[in-house]
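Given next are the chains, with one letter for each unit.
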Amino acid sequence: MAKILVTGGLGFIGSHTVVELINAGYEPVIIDDLSNSQHKILGQLSKIVGFKPVFYQFDLCDKQKLIHFAKSEPDITGIIHFAAFKAVGESVQNPLKYYNNNLTSLLNLLSVYSGESVDFVFSSSCTVYGQPDELPVTENAPVKPAQSPYGNTKQIAEEILKDAVTSGDAKKVISLRYFNPVGAHDSALIGELPIGVPQNLVPFITQSAIGKREKITVFGNDYNTRDGSCVRDYIHVVDLAKAHVSALKLMESNTFAGYDVFNLGTGNGNTVLEIIFAFERATGIKLNYEIGPRRSGDVEKVWGDVTKSEKQLHWKARLGIDIMMSSAWEWEKYLAENPL
Ligand code: UD1
């Protein structure tokens with residue numbers, strides 16, 4: 001069984017990927033510093049997969065600990081690197097925290113595993129495209145100046161990885177550019193766990209529906225879109241998790257060499273209002289929402305061309321908006337009854 005290091009493996013996307021790795025016959029080994037996740041997620045994972053995955057708790061910025069880890073787990077064949085800070089607004093307030101954490105952890109991983117035949121999957125983001133000139137946006141679209149230090153860490157990380165492959169420090173690397181991951185595992189045992197007030201739309205919707213938040217503010221209805229609210233490509237987190245398995249499989253084959261990037265979306269965009277209505281339709285719950293001003297830094301519309309992922313990763317998102325909403329709601333209800 002191939003051993004895969006999953007950094008940030010107790011986070012939202014990381015935990016779902018751990019499940020899909022095990023389903024596909026891999027042996028995940030998790031590193032997480034619990035800065036934006038909870039130890040109890042390990043117990044939740046064991047309820048889903050029937051055993052507790054191997055877990056190490058430390059900060060990847062601590063290079064000595066990473067060196068020690070690499071000695072204790074000498075047979076890692078792949079790394080999926082999720083561990084990073086991801087709050088766009090906080091990154092504007094505290095850019096050095098973001099540059100330090102998101103880039104130091106990556107540089108430490110690359111230097112500790114330098115020259116080794118370890119396949120590397122990096123969590124990137126559609127944020128690298130900014131507002132694309134053409135939609136759907138393809139992987140060849142130009143990278144736009146980053147709107148936030150968070151976005152900049154993703155752009156810089158992609159450049160570092162490309163250079164590391166050119167120099168031979170890394171052998172095979174795939175950057176996956178996520179669109180908007182939402183939803184939760186169908187067991188309702190894992191899902192998104194925002195700390196404090198959620199910044200992202202779907203956790204805000206589910207927390208409003210359960211009564212934790214008074215109302216949802218739609219950030220602007222004067223954009224040049226179908227109904228005036230922003231358009232995003234929402235993708236079910238389980239579909240997204242499966243794409244990481246596909247990326248590992250591609251790197252294991254002889255057809256892949258070097259560095260490449262793939263979009264992970266559905267290929268379709270939905271407006272904020274469409275998401276609100278989809279939630280109401282899927283759950284039968286009426287949401288309390290109002291139209292507010294635009295949020296600074298938001299792009300008007302973005303959705304991905306996923307042809308390259310379909311052809312080369314042999315992967316396609318299968319789960320639709322209704323299941324994205326109903327699974328997110330089941331998870332919120334589970335949390336209300338079983339606080340973690
Ligand atoms: C952005 C990035 C994404 C990044 C993520 C990290 C882009 C296009 N996307 O996601 O790559 O990984 O940040 O957090 O740069 N909204 C409301 N009311 C709310 C919350 C959100 O109307 O209370 C709207 C937003 O204006 C946006 C949509 O919902 O149009 C989705 O917002 P959000 O969930 O925060 O994700 P992005 O900003 O698209």
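Residues numbered from 1 in each chain as written. Predicted model: local features only at pLDDT ≥ 70, side-chain atom pairs only at ≥ 80, totals over all residues. Heavy atoms only, no water.

## Thoughts on the nonpolar core
We count it as follows: In this text, buried Ala, Val, Leu, Ile, Met, Phe, Trp, Tyr and Cys residues form a nonpolar core when linked through side-chain atoms within 4.5 Å. Burial classification: accessible surface area is computed with a 1.4 Å probe over protein chains only, and a residue below 20% of its type maximum counts as buried, one above 50% as exposed, and the rest as partly exposed. Numbering of helices and strands runs from the N terminus; a helix is a DSSP stretch of H or I covering at least four residues, while a strand is a stretch of E covering at least two. In what follows, a contact means two residues having at least one pair of non-hydrogen atoms within 4.5 Å.
By size, the foremost hydrophobic cluster in this structure holds 39 residues, and its most contacted members are L21, L45, I174, L176, L248, L264 and L313. Counting only elements with at least two residues in this core, the list comes to β1 (3-7), α1 (12-23), α2 (40-49), β6 (172-178), α8 (237-252) and β11 (258-264). The dominant element in this core, judged by the number of residues it contributes, is α8, at 9 residues. With sequence-adjacent residues up to four places away left out, L264 is seen in contact with L176, R177, Y178, F179, I235, L240, A243, H244, S309, L313 and W315. L60, L106, V112 and V118 belong to the second-largest nonpolar core, a separate cluster that totals 27 residues.

## A word on unusual backbone geometry
In the segment running from L135 into P136, the intervening peptide bond is cis, with an omega of -5 degrees. Inspection of the secondary structure puts P136 in the loop between β5 (119-125) and α6 (149-167). For L34, which is not a glycine, the phi torsion comes out positive at approximately 65 degrees. Its location among the elements puts L34 in the loop between β2 (27-31) and α2. Within the chain, A188 stands out as a residue other than glycine whose phi angle is a positive 60 degrees. Inspection of the secondary structure puts A188 in the loop between β7 (180-182) and α7 (201-210). When its relative accessible area of 11% is taken as the criterion, A188 is described as buried.

## A short note on the packing of aromatic side chains
Let me state the cut-off plainly: Any two rings among Phe, Tyr and Trp, with Trp reduced to its six-membered ring, count as a pair given centres within 6.5 Å; such a pair is stacked if its planes are under 30 degrees apart, edge-to-face if over 60, and tilted if neither.
Summed over the entire model, instances satisfying the criterion amount to 7 aromatic pairs. Relative to W329, the ring of F279 lies with its centre 5.8 Å away and its plane at 80 degrees, an arrangement referred to as edge-to-face. Taken as a pair, F279 in helix α9 (residues 272-283) and W329 in helix α11 (residues 321-337) lie far apart in primary sequence, 50 residues in all. W329 carries the same exposure label as F279, and that label is buried. Through a chain of ring-to-ring contacts, the aromatic side chains of Y56, F58 and F69 assemble into a single cluster.

## Remarks on α9
Two residues of an α-helix separated by three or four positions point the same way, owing to the 3.6 residues in each turn. Using the following cut-off: To estimate the expected span of a helix, subtract one from its residue number and multiply by 1.5 Å.
Its 12 residues place the ends of α9 17 Å apart at the C-alpha level, agreeing with the 16 Å of an ideal helix rising 1.5 Å per residue. Where α9 is buried, its residues meet α7, β8 (216-219), β10 (234-236), β12 (270-271), β13 (289-292) and α11. Once α9 ends, the next one or two residues include G284, with phi positive near 75 degrees.

## What about the pattern of salt bridges?
What counts is decided by this rule: Every case where a carboxyl oxygen of Asp or Glu lies within 4 Å of a side-chain nitrogen of Lys or Arg is listed as a salt bridge.
Under the definition given, this model contains 19 salt bridges. Measuring nitrogen to oxygen at the nearest pair gives 3.8 Å for the salt bridge that ties K316 to E310.

## Some points on the sheet that holds β5
Adjacent strands of a sheet form backbone hydrogen bonds with each other and so pair up, either parallel or antiparallel. Defined as follows: Pairing between two strands is assigned when DSSP locates at least 2 bridges connecting them. Every axis corresponds to a line fitted to the C-alpha atoms, with the helix fit spanning only the stretch in contact, and the corresponding angles, defined between N-to-C directions, vary from 0 to 180 degrees.
The parallel open sheet is built from 7 strands, whose spatial order is β3-β2-β1-β4-β5-β6-β11. The sheet is open, and its two borders are formed by β3 (54-56) and β11, each paired with just one other strand. This sheet shows a mean twist of 20 degrees between the axes of neighbouring strands, independent of strand direction. Relative to strand β4 (residues 76-81), β1 runs parallel, the two being bridged by 5 bridges. Bridge assignment links K3 to a residue of β4, and that residue is I76. Packed on one face of the sheet, helix α5 (residues 95-112) meets β1, β4 and β5 and runs near 170 degrees to β4. Its contacts with the sheet put α8 on β1, β4, β5, β6 and β11, and the angle it makes with β6 is roughly 160 degrees.

## Quick word on the site of the ligand
The following threshold applies: Proximity is defined per residue: any heavy atom of the residue falling within 4 Å of a molecule or strand makes that residue near it. Within 3.5 Å is the distance limit for a polar contact, defined as a pair of N or O atoms, with the added protein rule that one can donate a hydrogen and the other accept it, and that residues adjacent in sequence qualify only through two side-chain atoms. Every accessible area reported is derived by Shrake-Rupley at a probe size of 1.4 Å, with residue values counting cover from the shown protein chains alone.
Inspection of the region around the ligand gives 21 residues, with S125, L201, T217, R232 and D298 positioned closest. Within the backbone of L201, an N or O atom sits 2.8 Å from an oxygen atom of the ligand. About the coverage of the ligand: the protein hides 89% of its 750 Å² of free accessible area. Looking at the shell around the ligand, the element that brings in the most residues is β8, giving 3 residues.

## With respect to the environment of L110
With respect to the helices and strands, L110 occurs in helix α5. Spatially, the C-alpha atoms of L110 and F120 are 9.3 Å apart, while their sequence positions differ by 10 residues. Excluding its chain neighbours within four sequence positions, the residues that come into contact with L110 are F120, I160, L161, A164 and A170.

## Topic: the pairing of β2
Side chains on a regular strand alternate between the two faces of the sheet. Test applied: With its strands directed away from the observer, a crossover is right-handed exactly when the path from the first strand over the helix to the second travels clockwise.
Most of β2 sits inside the fold, with 4 of its 5 residues counted as buried. Where β1 and β2 come together, 5 bridges link them in parallel fashion. Considered in β2, the bridge of V6 is made with I30. In this region the chain leaves β1, passes through α1 and returns to the parallel neighbour β2; the handedness of that crossover is right-handed. Pairing geometry for β2 and β3, over 3 bridges, is parallel. Residue I30 lies in a different strand from β3, and its bridge partner there is F55. What joins β2 to β3 is α2, and the crossover it makes is right-handed.

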